[in-house]
Amino acid sequence: MIRLVIFLLLSSCITSHAILSAQNSPVKFQDVGLLEEYTNPQVTSLYQDRRGLLWISTWGGIDRWDGRQMVHFPYIPFDSTGSPARDLWGFTGDDQNNIWFLGDGLMKFDLEKEIFQRVPLRFEDKGINPRCINYDPGGFLWVSSSDEIFKYYPESDSLQRIPILSDDKIEESDFRKISILQDSTGQVWMSHNQHGLC
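Residues numbered from 1 in each chain as written. Predicted model: local features only at pLDDT ≥ 70, side-chain atom pairs only at ≥ 80, totals over all residues. Heavy atoms only, no water.

A. Looking closely at the pairing of strand 14 (residues 158-162). Pairing analysis gives five bridges linking strand 13 (residues 149-153) to strand 14, with the strands arranged antiparallel. Across the sheet, Ile149 pairs through a bridge with Ile162, a residue of strand 14. A loop of four residues connects strand 13 with strand 14, the two strands running antiparallel in sequence, and Asp157 in this loop sits at a positive phi of about 50 degrees. (Pairing = 2+ DSSP bridges. Helix = DSSP H or I, 4+ residues; strand = E, 2+ residues; numbered from the N terminus.)

B. Structural view of the packing of aromatic side chains. Enumeration according to the criterion identifies 12 aromatic pairs in this entry. Between Tyr47 and Phe91 the ring centres are 6.1 Å apart and the planes differ by 15 degrees, which places this aromatic pair in the stacked class. Taken as a pair, Tyr47 in strand 1 (residues 43-48) and Phe91 in strand 5 (residues 89-93) lie far apart in primary sequence, 44 residues in all. The exposure classification of Tyr47 matches that of Phe91, with both residues buried. Chaining the aromatic ring pairs together yields one cluster made of Tyr47, Trp55, Phe73, Phe91, Phe101, Phe109 and Phe116. (Phe/Tyr/Trp six-rings, centres within 6.5 Å; stacked < 30°, edge-to-face > 60°. Buried < 20%, exposed > 50% of the residue type's maximum accessible area, 1.4 Å probe, protein only.)

C. Here's a closer look at unusual backbone geometry. Located in the positive-phi region is Asn97, a residue other than glycine, with phi close to 65 degrees. Structurally, Asn97 can be placed in the loop between strand 5 and strand 6 (98-102). One non-glycine residue, Glu114, adopts positive backbone phi at about 55 degrees. With respect to the element layout, Glu114 can be found in the loop between strand 7 (106-110) and strand 8 (115-119).

D. Highlighting the side chain of Ser45. By secondary structure assignment, the location of Ser45 is in strand 1. Relative accessible area serves as the criterion here: at 15%, Ser45 is assigned to the buried category. Ignoring anything within four residues of it in the chain, the contact list for Ser45 reads Trp55, Ile56, Ser57, Trp89, Gly90 and Phe91. (Contact = heavy atoms within 4.5 Å.)

E. Focus on the side chain of Lys108. Position of Lys108 relative to the elements: it lies in strand 7. Look at Lys108: it is buried, it has no salt bridge, and the nearest opposite charge is Asp110 at 5.7 Å. If sequence neighbours within four positions are ignored, Lys108 has contacts with Asn98, Ile99, Trp100, Phe101, Ile115, Phe116, Gln117 and Val119. (Lys, Arg positive; Asp, Glu negative; His and termini not counted. Salt bridge = Lys/Arg side-chain N within 4 Å of Asp/Glu carboxyl O.)

F. Region of interest: the confidence of the model for the chain. For the chain, the average pLDDT comes to 74, and 71% of its residues sit at 70 or higher. Overall, residues 1-22 carries pLDDT values under 50, and its contacts beyond four positions in sequence, including any with other chains, amount to zero contacts. (pLDDT = per-residue confidence, 0-100.)

G. Spotlight on the environment of Met190. Summarising the element assignment, Met190 is placed in strand 16 (residues 188-192). On the basis of relative accessibility, which here comes to 14%, the residue Met190 falls in the buried class. Expressed as a C-alpha distance, the spacing of Met190 and Ile180, which sit 10 residues apart in the sequence, is 4.5 Å.

Right, here's the structure in full:
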């Protein structure tokens, strides 16, 4: 009986080692072009859309990689065919073939028409400077500014302010959002620089 237990323990250790070794296989990288081929070599954010295209925001505009070639959308103010902002970050996609991103406010790129559009955000006659966005399957965007959270409904071009905390110990004005994520169960997570994760 003791020999059987020892055999099973050794077999289990060997099998576990083989499985763990397979999970630690080397990471492979692919070079997608020379730095000179990007709109700007300083990459600030990456996003992969539902079609598998890789969106690369840089200090000089946006690049899109399809696996074979790079398409450039350089910063061209007041032109819908170029990036409307120089400093870009925070991509998210929706189910209407749009890519949303941040840079001098909220921006939208229509994948079918291949045009950019600025989306001004105002709430109670005050401009909103978004810091983070995330698409919700309910058809809206979670938008955080430096001290508030909103739901933005693109269909009606409207904002709904979301109360942040019910805890009297923490002032909402001290609450600085960094990131918003909705997980596969529908739970919304927010990280912030002063109070961790909620």
